[in-house]
There are 2 protein chains.
Amino acid sequence: MTGNTTAAAATERHAAFLDDFATLSTFGATERGGVHREAATDADAAQRAWLGEQLAARGFRVCFDRVGNQFGLLDVVPGAPYVLVGSHLDSQPFGGRYDGAYGVLAATHAAHRLAVRWREAGATPRYNVGVVNWFNEEGSRFVPSMMGSSVFTGLLDADTALDTRDLRDVRVGDRLAELGQLGETAPVIDDVVAYAEIHIEQGRSLEESGHTIGLVHATWSAHKYFLTVEGEQSHTGSTIMADRRDALLGAAHLTVLAREISDALSTPEAPLHTSVSQLTVEPNSPVTVAREARLHLDLRSPDEAVLERANAMLHERIPAIERAARVRISVSGAHHWGVRPFPAAGVKLAAGCAEELGLSHREIMTIAGHDSVNMNCRVPTVMLFVPSVEGISHNEGELTHDADACAGVDLLTEVLDRLAAGALATG
Amino acid sequence: MTGNTTAAAATERHAAFLDDFATLSTFGATERGGVHREAATDADAAQRAWLGEQLAARGFRVCFDRVGNQFGLLDVVPGAPYVLVGSHLDSQPFGGRYDGAYGVLAATHAAHRLAVRWREAGATPRYNVGVVNWFNEEGSRFVPSMMGSSVFTGLLDADTALDTRDLRDVRVGDRLAELGQLGETAPVIDDVVAYAEIHIEQGRSLEESGHTIGLVHATWSAHKYFLTVEGEQSHTGSTIMADRRDALLGAAHLTVLAREISDALSTPEAPLHTSVSQLTVEPNSPVTVAREARLHLDLRSPDEAVLERANAMLHERIPAIERAARVRISVSGAHHWGVRPFPAAGVKLAAGCAEELGLSHREIMTIAGHDSVNMNCRVPTVMLFVPSVEGISHNEGELTHDADACAGVDLLTEVLDRLAAGALATG
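From a predicted model like this one, the values you see are computed outputs, not experimental measurements. (Residues numbered from 1 in each chain as written. Chains lettered and ligands numbered in written order. Predicted model: local features only at pLDDT ≥ 70, side-chain atom pairs only at ≥ 80, totals over all residues. Heavy atoms only, no water.)

A few points about the UniProt feature "binding site: Zn(2+) 2" (unreviewed entry) in chain A
Residue and element names in this part refer to chain A.
Step number 1: Under the present numbering, the feature "binding site: Zn(2+) 2" (unreviewed entry) in UniProt falls on Asp99, Glu138 and His394. Across 296 residues of sequence, these annotated residues stay compact in space, with a maximum C-alpha separation of 9.8 Å.
Step number 2: Within the fold, Asp99 resides in the loop between β3 (82-87) and α3 (101-121).
Step number 3: The residues touching Asp99, leaving out its near neighbours within four places in the chain, are His88, Asp90, Glu138, His199, Ile200, Gln202, Ser393, His394 and Glu398.
Step number 4: At a separation of 3.2 Å, a polar atom in the side chain of Asp99 contacts the side chain of Gln202.
Step number 5: Looking at where Glu138 falls in the secondary structure, it is placed in the loop between β4 (128-133) and α4 (147-152).
Step number 6: A relative accessible area of 3% places Glu138 in the buried class. (UniProt positions renumbered as here; feature names shortened; annotations may be inferred. Helix = DSSP H or I, 4+ residues; strand = E, 2+ residues; numbered from the N terminus. Contact = heavy atoms within 4.5 Å. Polar contact = N/O pair within 3.5 Å; in protein donor to acceptor, adjacent residues only side chain to side chain. Buried < 20%, exposed > 50% of the residue type's maximum accessible area, 1.4 Å probe, protein only.)

Quick word on the relation of the copies chain A and chain B
Step number 1: Rotating chain A by 180° about the axis while translating it 0.0 Å along that axis superimposes it on chain B, leaving an RMSD of 0.1 Å. Within this description, the copies of the chain are treated as partners about a two-fold rotation axis. Considering only C-alpha atoms, the residue of chain A closest to the rotation axis is A:Ala252, which sits at 2.1 Å.
Step number 2: Of the interface residues in chain A, 100% have counterparts in chain B that sit at the interface too, so the contact is made through matching surfaces. (Least-squares fit on C-alpha atoms with pLDDT ≥ 70 in both.)

Some remarks on the nonpolar core
Step number 1: Within the largest apolar cluster, 67 residues are counted, with the highest numbers of intra-cluster contacts made by A:Leu279 and B:Leu279.
Step number 2: Ranked by residue count, the leading element in this core is helix α8 (residues 247-265) of chain A, at 11 residues.
Step number 3: Residues in contact with A:Leu279, not counting those within four places in the same chain, are A:Leu248, A:Ala251, A:Ala293, A:Arg294, A:Leu295, B:Leu248, B:Leu279 and B:Asn284. (Core = buried A, V, L, I, M, F, W, Y, C linked by side-chain atoms within 4.5 Å.)

A word on the domain arrangement of chain A
Residue and element names in this part refer to chain A.
Step number 1: Along its sequence, chain A is carved into domain 1 (2-219 + 340-420) and domain 2 (222-337).
Step number 2: In this structure, domain 1 and domain 2 have C-alpha centres spaced 34 Å apart.
Step number 3: When domain 1 packs against domain 2, the two sides together hide about 570 Å² of surface, and 59% of this comes from carbon and sulfur.
Step number 4: For the domain 1 face of the interface with domain 2, the top three residues by lost area are Arg340, Met365 and Ile367, together amounting to 58%.
Step number 5: Counting across the interface, domain 1 meets domain 2 through zero salt bridges. (Domains from an automatic or database assignment. Buried area = accessible area lost by both parts, 1.4 Å probe. Salt bridge = Lys/Arg side-chain N within 4 Å of Asp/Glu carboxyl O.)

Description of the packing of aromatic side chains
Two numbers describe a pair of aromatic rings. These are the distance of the centres and the angle of the planes.
Step number 1: Tallied over the entire structure, the rule returns 16 aromatic pairs over all chains.
Step number 2: Each ring, one from A:Phe17 and one from A:Phe21, has its centre 6.2 Å from the other, and the planes form 15°; the classification is stacked. One end of the pair, A:Phe17, and the other, A:Phe21, are both in helix α1 (residues 2-24), four residues apart, so they sit about a helical turn from each other.
Step number 3: Since its relative accessible area comes to 1%, A:Phe17 is described here as buried.
Step number 4: Note on B:Phe71 and B:Phe152: the rings are 5.9 Å apart at their centroids and 40° apart in plane angle, and the pair reads as tilted. Note that B:Phe71 is positioned in strand β2 (residues 70-74) and B:Phe152 in helix α4 (residues 147-152), a separation of 81 residues in sequence. Of the two residues, B:Phe71 and B:Phe152, both sit in the buried class.
Step number 5: Taken together through their ring pairs, the aromatic side chains of A:Phe17, A:Phe21, A:Tyr98 and A:Tyr102 make up a single cluster. (Phe/Tyr/Trp six-rings, centres within 6.5 Å; stacked < 30°, edge-to-face > 60°.)

Observations regarding unusual backbone geometry
Residue and element names in this part refer to chain A.
Step number 1: Across the junction of Val143 and Pro144, the peptide omega takes the value 5°, indicating a cis bond.
Step number 2: Inspection of the secondary structure puts Pro144 in the loop between β4 and α4.
Step number 3: In this structure, Gln202 is a non-glycine residue whose phi angle is positive, near 65°.
Step number 4: For Gln202, the location among the structural elements is in the loop between β5 (192-200) and α7 (205-209).
Step number 5: A relative accessible area of 1% places Gln202 in the buried class.

Given below as structure tokens:
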């Protein structure tokens, strides 16, 4: 009977998770099955209110910090530090319903299951547990991305974050105040001893290798550039070609170059992902040669040597583009990181939990940035992936099968249990 | 004494024109000496109100038509049709102060000089004269350009124009109603027997050949395309390169191709001007491969054979771009015209006036579109150019020397006098 009861209880827990996930997916829902809920929009505010209700109803203390990170705290050990677990609810424009949101809801359910488990067993963990919904991970409306966790970990100044404005000149600090999402009673990084996050892979390697769980052991290295192309405004019709200084043409050459760099240097063993995104053109009128273009150009690889070759090729080729389009190209912002490991002890801990649950698993690197990448700079961090169907992400068609999603919540629960018991504690 | 008196009167007329032009240039003035007054903005409304006052003070009847074209009518011959003379006051974003505005003010002064001349001489022309300030010639805020004159000449449906919205969803019809710039008592095309317009060249051929006046005898031929590039939204980091369908990459290839076509086919004898402008990217987020890009691609040449070779090369090369970026490229809109002549009789008439005034002149083609190109489809039209310093246009640095600007007003006055006397009348 115990086996059946346990199986029935597991089925019930899975159903509860999937029900809540279906509800969560209604906030900012799009016609094609995705979600459109950028940070601090009305849809984001509505889902945050809903999450707060869910956490409060399960006995969590809900609060915000000074940059709008939302917490649900389970204070079971008075005065003890926290193990945080979470992700982000905000989405890309017309994004998928799993990216971030899956991890926040998984964290909520995992922490709640542990609260019930500890209460029923009369047990007390070593640390308190906090669910966190980071503010503005996506960075599509307010740049940079991973804003909330960057401030939390001291990588970004709070005032800089609060003074950030979107393209319609809405200021982060004003909007968060308006929404009542600023507070002072939440934990700070010094109150935190460990962090865990689960996320969809956003690639298709788990699906192709047939594993349910990815244990993230490192991030790809990356060079991210914010480039400005300066030309001169003129008439698209009457200006003779030799006189043109076309900023859009310069930006187009950079966009084509990014792809050429990948074509030249990427191999199956050491892939190189390159892209240009968010191209802004001034004045962007139909009959005016652009005076300025701004764009993001990213180079990413798991192999630092390949990344450096790509970076060298980019810089070698820029002068020729400047001559061809008669423009000036300058780096307005740059961000670089090498291959960054997650703690091996955390990978081993998560592998042990997966074994116990009978979940197939393999180590994997993350290409995309996550809030966990920030937290990993400050506290022992465990990062877990579940498969993405066909690797589709930042797209309304994003999908993770229910069985994989539920397996991930089960695994996160066991990992969180061990972290709360002090498994990765360094103190 | 007569000679001196005449010279003094001319100097006074020139000073009056330059004074008014300085005042006109304050509307939407930018720090760098340009103007920023797109159609139906507050700055455009303010300059239209000012123009109305200037016209009314000179005895013109001021009115608007159903799409916001502004008229100042000099009804000297009851019931007779009109010779219209004008241009447009709206500008590109951060545009120059001469483009369009010079022609409207020149028309106002020319018509007023004739009113005085006729009154003092007790003479009556054959036709009435109307100054016109066309609505939205630039098309930077509301697409298409030359909107007001297109509706006036029946080339664009009035309802289509009124239903056009800018990027902030402001509707032309609503905004014009709000500004009180819609009316029903203005002339219609059937009331018009001829049209004249003077404009800055926006190129540097007059400056290089040392002529004060360009007599426009034809327009360049053009293919203008509005292209849509369809890709698929995905993650700029984690999506493997082979899976990407990058709409921005497709747009970049088209932008580079446009320039390559000019490089390949343009010659000094038969120049070919090509451009891509107003590139819009969806969703234009920093970490998202674009799902869609839309852009304007123009090919222009005075040689129709060269233009057709360019057009063929464009279409031949598009499939390779579609394969390289894994996108679909479609033509959402196309506009083509061949080399269009202005009436030779009008060129001859203007040449005669220039001779009498002692102004150096040569025949020239227009590359840019003008309201006169629309009017030339319906009534005998005379189009005049004055030099642009260094050919700079759609730029805050746009400049026409005072002496050239004043010479142009003098010439326009004489041309208008002959048109009002019936010089090009076909009836």
